[in-house]
Amino acid sequence: SLSLGTAGPLDRHALDSLARVVELARPLWLSEPVGFWRTSEMAIAGVCPIRHDLGNLRLLAEHAREAAETCRVPLLLENVASPLGILGTLAETEFLNRLAEAAACGLLVDLPSLVVQSLCHGFDAGRWLRDIAPERIGALRLGPCARRWSTHLGEAVGAVHERTWQLAREALVAARPTALVLAYDDGLPHPGQLTSELQRLAQ
(Lines give C-alpha, C1' and ligand atoms only; values in the text may rest on other atoms or scores of the structure.)
Protein backbone atom coordinates (compact mmCIF):
# COMPACT_ATOMS: atom_id res chain seq x y z
CA SER A 1 0.00 0.00 0.00
CA LEU A 2 2.97 2.35 0.46
CA SER A 3 4.26 2.36 -3.14
CA LEU A 4 7.87 2.23 -1.94
CA GLY A 5 9.28 2.81 -5.41
CA THR A 6 7.52 6.14 -5.97
CA ALA A 7 9.96 9.04 -6.13
CA GLY A 8 9.78 11.66 -3.37
CA PRO A 9 8.59 11.21 0.21
CA LEU A 10 6.29 8.41 1.27
CA ASP A 11 2.58 9.19 1.40
CA ARG A 12 2.28 10.17 5.06
CA HIS A 13 -1.44 9.45 5.27
CA ALA A 14 -0.93 5.91 3.95
CA LEU A 15 2.00 5.33 6.30
CA ASP A 16 0.14 6.64 9.37
CA SER A 17 -2.90 4.53 8.47
CA LEU A 18 -0.72 1.45 8.16
CA ALA A 19 0.93 2.19 11.51
CA ARG A 20 -2.53 2.31 13.10
CA VAL A 21 -3.40 -1.08 11.60
CA VAL A 22 -0.13 -2.49 12.97
CA GLU A 23 -0.93 -1.08 16.41
CA LEU A 24 -4.29 -2.87 16.41
CA ALA A 25 -3.33 -6.12 14.69
CA ARG A 26 0.19 -6.60 16.11
CA PRO A 27 1.54 -8.56 13.13
CA LEU A 28 4.88 -10.36 13.26
CA TRP A 29 5.99 -8.43 10.17
CA LEU A 30 4.80 -6.42 7.18
CA SER A 31 5.57 -7.05 3.54
CA GLU A 32 5.72 -4.55 0.70
CA PRO A 33 6.43 -5.17 -3.00
CA VAL A 34 9.57 -3.82 -4.61
CA GLY A 35 7.84 -1.57 -7.10
CA PHE A 36 5.32 1.24 -7.28
CA TRP A 37 1.61 1.69 -8.00
CA ARG A 38 1.34 5.48 -8.08
CA THR A 39 3.21 8.49 -9.39
CA SER A 40 2.84 12.18 -8.61
CA GLU A 41 0.19 12.31 -11.35
CA MET A 42 -1.79 9.07 -11.21
CA ALA A 43 -2.54 5.76 -9.54
CA ILE A 44 -1.87 2.59 -11.52
CA ALA A 45 -3.79 -0.69 -11.40
CA GLY A 46 -1.33 -3.22 -9.99
CA VAL A 47 2.30 -2.94 -8.95
CA CYS A 48 4.81 -1.85 -11.59
CA PRO A 49 8.46 -2.94 -11.45
CA ILE A 50 11.30 -0.48 -11.06
CA ARG A 51 14.67 -0.19 -12.76
CA HIS A 52 17.32 -2.01 -10.74
CA ASP A 53 19.98 0.64 -10.27
CA LEU A 54 21.76 2.40 -7.41
CA GLY A 55 19.42 5.39 -7.42
CA ASN A 56 16.33 3.25 -6.90
CA LEU A 57 18.21 1.13 -4.37
CA ARG A 58 18.84 4.23 -2.25
CA LEU A 59 15.23 5.41 -2.65
CA LEU A 60 13.70 2.07 -1.67
CA ALA A 61 16.08 1.56 1.23
CA GLU A 62 15.20 4.99 2.63
CA HIS A 63 11.47 4.34 2.26
CA ALA A 64 11.73 0.85 3.75
CA ARG A 65 13.64 2.10 6.80
CA GLU A 66 11.08 4.87 7.34
CA ALA A 67 8.19 2.40 7.11
CA ALA A 68 9.79 -0.04 9.55
CA GLU A 69 10.65 2.71 12.03
CA THR A 70 7.19 4.27 11.86
CA CYS A 71 5.31 0.97 12.19
CA ARG A 72 7.81 -0.50 14.69
CA VAL A 73 7.64 -3.93 13.11
CA PRO A 74 10.06 -5.82 10.82
CA LEU A 75 9.58 -5.23 7.11
CA LEU A 76 9.95 -7.85 4.38
CA LEU A 77 10.37 -6.75 0.77
CA GLU A 78 8.88 -8.94 -1.95
CA ASN A 79 9.61 -9.61 -5.61
CA VAL A 80 6.89 -8.87 -8.17
CA ALA A 81 5.81 -10.30 -11.52
CA SER A 82 5.24 -8.06 -14.52
CA PRO A 83 5.06 -8.41 -18.30
CA LEU A 84 7.35 -5.37 -18.44
CA GLY A 85 11.04 -6.16 -18.74
CA ILE A 86 13.02 -3.12 -17.55
CA LEU A 87 16.78 -3.35 -17.95
CA GLY A 88 18.85 -2.01 -15.07
CA THR A 89 22.49 -1.82 -14.09
CA LEU A 90 22.08 -4.52 -11.41
CA ALA A 91 20.65 -8.01 -11.63
CA GLU A 92 17.38 -8.31 -9.73
CA THR A 93 18.88 -10.74 -7.21
CA GLU A 94 21.86 -8.48 -6.52
CA PHE A 95 19.49 -5.54 -6.21
CA LEU A 96 17.29 -7.37 -3.68
CA ASN A 97 20.26 -8.60 -1.63
CA ARG A 98 21.81 -5.14 -1.47
CA LEU A 99 18.45 -3.52 -0.77
CA ALA A 100 17.74 -5.86 2.14
CA GLU A 101 21.17 -5.10 3.59
CA ALA A 102 20.84 -1.33 3.12
CA ALA A 103 17.34 -1.26 4.60
CA ALA A 104 18.20 -3.73 7.42
CA CYS A 105 15.20 -5.85 6.49
CA GLY A 106 14.37 -9.27 5.12
CA LEU A 107 12.85 -10.60 1.92
CA LEU A 108 9.56 -12.31 1.25
CA VAL A 109 10.12 -14.47 -1.82
CA ASP A 110 6.87 -14.71 -3.74
CA LEU A 111 7.30 -18.04 -5.50
CA PRO A 112 4.25 -17.81 -7.82
CA SER A 113 5.50 -14.41 -9.00
CA LEU A 114 8.95 -15.91 -9.54
CA VAL A 115 7.47 -18.75 -11.62
CA VAL A 116 5.51 -16.33 -13.79
CA GLN A 117 8.42 -13.92 -14.16
CA SER A 118 10.77 -16.70 -15.24
CA LEU A 119 8.29 -17.94 -17.86
CA CYS A 120 7.54 -14.45 -19.19
CA HIS A 121 11.16 -13.34 -19.39
CA GLY A 122 12.99 -16.61 -20.01
CA PHE A 123 15.34 -17.06 -17.06
CA ASP A 124 16.09 -19.93 -14.67
CA ALA A 125 13.99 -19.50 -11.51
CA GLY A 126 16.13 -22.00 -9.61
CA ARG A 127 19.30 -20.05 -10.33
CA TRP A 128 17.52 -16.81 -9.38
CA LEU A 129 16.61 -18.37 -6.03
CA ARG A 130 20.16 -19.62 -5.42
CA ASP A 131 21.46 -16.08 -6.01
CA ILE A 132 19.31 -14.67 -3.19
CA ALA A 133 21.17 -14.53 0.15
CA PRO A 134 19.45 -17.31 2.15
CA GLU A 135 19.88 -15.50 5.46
CA ARG A 136 17.75 -12.64 4.10
CA ILE A 137 14.73 -14.83 3.29
CA GLY A 138 12.23 -14.11 6.06
CA ALA A 139 9.22 -15.78 4.44
CA LEU A 140 8.18 -17.77 1.39
CA ARG A 141 4.82 -17.26 -0.26
CA LEU A 142 3.19 -20.11 -2.15
CA GLY A 143 -0.16 -20.30 -3.89
CA PRO A 144 -1.71 -20.42 -7.33
CA CYS A 145 -0.46 -17.96 -9.89
CA ALA A 146 -2.99 -15.18 -10.43
CA ARG A 147 -5.69 -15.99 -12.97
CA ARG A 148 -4.42 -13.35 -15.40
CA TRP A 149 -1.20 -15.34 -15.83
CA SER A 150 -2.89 -18.68 -16.53
CA THR A 151 -2.15 -18.64 -20.27
CA HIS A 152 1.58 -18.86 -19.51
CA LEU A 153 1.36 -21.91 -17.26
CA GLY A 154 -0.41 -24.77 -18.97
CA GLU A 155 -1.88 -25.99 -15.67
CA ALA A 156 -5.25 -25.70 -14.00
CA VAL A 157 -6.15 -22.26 -12.72
CA GLY A 158 -6.48 -22.23 -8.93
CA ALA A 159 -3.93 -24.97 -8.15
CA VAL A 160 -0.43 -24.39 -6.81
CA HIS A 161 1.87 -24.82 -9.79
CA GLU A 162 4.22 -27.81 -9.53
CA ARG A 163 7.20 -25.55 -10.20
CA THR A 164 6.23 -23.52 -7.13
CA TRP A 165 6.43 -26.61 -4.92
CA GLN A 166 9.80 -27.49 -6.43
CA LEU A 167 11.19 -24.01 -5.78
CA ALA A 168 9.95 -24.11 -2.18
CA ARG A 169 11.88 -27.35 -1.61
CA GLU A 170 14.99 -25.83 -3.17
CA ALA A 171 14.72 -22.67 -1.05
CA LEU A 172 14.39 -24.62 2.18
CA VAL A 173 17.68 -26.42 1.59
CA ALA A 174 19.58 -23.27 2.59
CA ALA A 175 17.06 -20.75 3.93
CA ARG A 176 15.25 -20.85 7.26
CA PRO A 177 12.29 -18.49 6.87
CA THR A 178 10.11 -17.68 9.86
CA ALA A 179 6.94 -18.34 7.86
CA LEU A 180 5.55 -20.20 4.87
CA VAL A 181 2.50 -18.39 3.53
CA LEU A 182 -0.17 -20.11 1.43
CA ALA A 183 -2.12 -17.37 -0.36
CA TYR A 184 -5.04 -17.42 -2.80
CA ASP A 185 -5.52 -14.13 -4.63
CA ASP A 186 -8.52 -15.27 -6.70
CA GLY A 187 -10.62 -16.80 -3.91
CA LEU A 188 -10.24 -19.79 -1.62
CA PRO A 189 -10.30 -23.27 -3.16
CA HIS A 190 -12.50 -26.22 -2.24
CA PRO A 191 -11.78 -27.30 1.37
CA GLY A 192 -10.41 -30.64 0.13
CA GLN A 193 -7.86 -28.92 -2.08
CA LEU A 194 -6.93 -26.49 0.67
CA THR A 195 -6.40 -29.36 3.14
CA SER A 196 -4.25 -31.23 0.63
CA GLU A 197 -2.09 -28.21 -0.10
CA LEU A 198 -1.66 -27.39 3.60
CA GLN A 199 -0.56 -30.97 4.23
CA ARG A 200 1.92 -30.81 1.38
CA LEU A 201 3.22 -27.48 2.66
CA ALA A 202 3.74 -28.98 6.12
CA GLN A 203 5.68 -31.88 4.60
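Refer to the preceding data block for the structure.
For every chain, the first residue of its written sequence is number 1, and the numbers climb from 1 along that sequence. In keeping with the predicted nature of the model, local features appear solely for residues at pLDDT of at least 70, side-chain atom pairs appear and are counted solely at 80 or more, and the whole-chain, interface and lining totals rest on all residues. Here the side-chain values reflect all heavy atoms present in the structure, with hydrogen atoms and water set aside.

1. A short note on the overall build of the protein chain
Argument step 1. Under the DSSP-based scheme used, a helix requires at least four consecutive residues in state H or I and a strand at least two consecutive residues in state E, with every element numbered from the N terminus. Counting secondary structure elements, the protein chain contains 7 helices and 7 strands.
Argument step 2. Radius of gyration: C-alpha atoms only; globule rule: 2.2 Å multiplied by the number of residues to the exponent 0.38. For a compact globule of 203 residues, the expected C-alpha radius of gyration is about 17 Å, and the protein chain comes in at 17 Å, within 12% of that figure.
Argument step 3. C-alpha atoms of the protein chain, sized along the principal axes, occupy 45 × 40 × 35 Å.
Argument step 4. Here's how the labels work: a residue is buried when its accessible area is under 20% of the maximum for its type, exposed when over 50%, partly exposed in between, all with a 1.4 Å probe on protein chains only. Looking at the protein chain as a whole, 47% of its 203 residues qualify as buried.
Argument step 5. The criterion used for residue contact is that any of the two residues' heavy atoms lie within 4.5 Å. Across the protein chain, every contact between residues at least 6 apart in sequence was considered, and the portion connecting residues at least 24 apart equals 78%.

2. Digging into the side chain of Glu32
Argument step 1. Secondary-structure assignment places Glu32 in strand 1 (residues 30-33).
Argument step 2. His is not counted here, nor are the chain ends, while Lys and Arg score as positive and Asp and Glu score as negative. Any carboxyl oxygen of Asp or Glu that lies within 4 Å of a side-chain nitrogen of Lys or Arg is treated as forming a salt bridge with it. Look at Glu32: it is buried, it has no salt bridge, and the nearest opposite charge is Arg38 at 9.6 Å.
Argument step 3. Looking at Glu32, its side chain comes within polar contact range of the main-chain nitrogen of Ser1, at 3.2 Å.
Argument step 4. The residues contacting Glu32, other than those within four sequence positions of it, are Ser1, Leu2, Ser3, Leu4, Leu18, Leu75, Leu76, Leu77 and Glu78. Any N or O atom pair separated by 3.5 Å or less is treated as a polar contact, with the protein-specific requirement of one donor-capable and one acceptor-capable atom, and with residues adjacent in sequence counted only for side-chain atom pairs.

3. Quick look at the state of the cysteines
Argument step 1. Two cysteine sulfurs form what is called a disulfide whenever their separation falls within 2.5 Å. Considering all chains together, one arrives at 0 disulfides under this definition.
Argument step 2. Sulfur of Cys145: no disulfide; nearest cysteine sulfur belongs to Cys120 and is 9.7 Å away.

4. Here's the deal with the layout of surface pockets
Argument step 1. What the second largest pocket holds in volume is close to 340 Å³.
Argument step 2. Grid points spaced at 1 Å and placed over the protein atoms alone form the basis of the search, with a cavity being a set where a 1.4 Å probe fits but cannot get out and a pocket an open set showing protein on both sides within 12 Å along at least five of seven lines. Lining residues have an atom within 4 Å of a point. Considering the residues around the second largest pocket, the lining is formed by 20 residues, among which His52, Gly85, Ile86, Glu92 and Gln117 are closest to the centre.
Argument step 3. Sorting the residues of the lining of the second largest pocket by element identifies helix 3 (92-103) and helix 4 (111-121) as the ones contributing at least two each.
Argument step 4. Tallied by class, the residues present in the lining of the second largest pocket amount to 12 nonpolar, 6 polar and 2 charged. Grid points are joined across faces, edges and corners, and a volume is the space filled by probe spheres set on the points. By the convention adopted, Pro, Cys, Tyr, Trp, Phe, Met, Ile, Leu, Val and Ala count as nonpolar, Lys, Arg, Asp and Glu as charged, and the other residues, Gly among them, as polar.

5. Thoughts on the packing of helix 1 (residues 12-25) against helix 2 (residues 54-71)
Argument step 1. Contact geometry of helix 1 with helix 2 gives a least axis separation of 9 Å together with a crossing angle of 40°. With respect to helix 2, the element helix 1 is oriented oblique. Where helix 1 crosses over helix 2, the handedness of that crossing is right-handed. Along the contact surface, helix 1 presents Arg12, Leu15, Leu18, Ala19 and Val22, while helix 2 presents Glu66, Ala67, Thr70 and Cys71.
Argument step 2. Here the contact of helix 1 with helix 2 is composed, by residue class, of 6 nonpolar, 1 polar and 2 charged. Between N-to-C directions, angles span 0 to 180 degrees; the directions come from axes that are lines fitted to C-alpha atoms, helices contributing only their stretch in contact. We call two directions roughly parallel when the angle between them is under 35 degrees, roughly antiparallel when it is over 145, roughly perpendicular when it lies between 65 and 115, and oblique otherwise. Each crossing gets its handedness from the near helix: less than a right angle anticlockwise from the far helix is left-handed, clockwise is right-handed.

6. Details of the pattern of salt bridges
Argument step 1. Under the definition given, this model contains 10 salt bridges.
Argument step 2. Here Arg20 and Glu23 are joined by a salt bridge, their closest N and O atoms 3.2 Å apart. Here Glu23 and Arg20 lie together in helix 1, a separation of 3 residues that amounts to about one turn.
Argument step 3. When its relative accessible area of 45% is taken as the criterion, Arg20 is described as partly exposed.
Argument step 4. Across the pair Arg163 and Asp124 runs a salt bridge whose closest N-O atoms are separated by 4.0 Å. Placement of the pair is Arg163 in helix 6 (residues 162-174) and Asp124 in the loop between helix 4 and helix 5 (125-130), with a sequence separation of 39 residues.
Argument step 5. The class for Asp124 is partly exposed, based on a relative accessible area of 44%.

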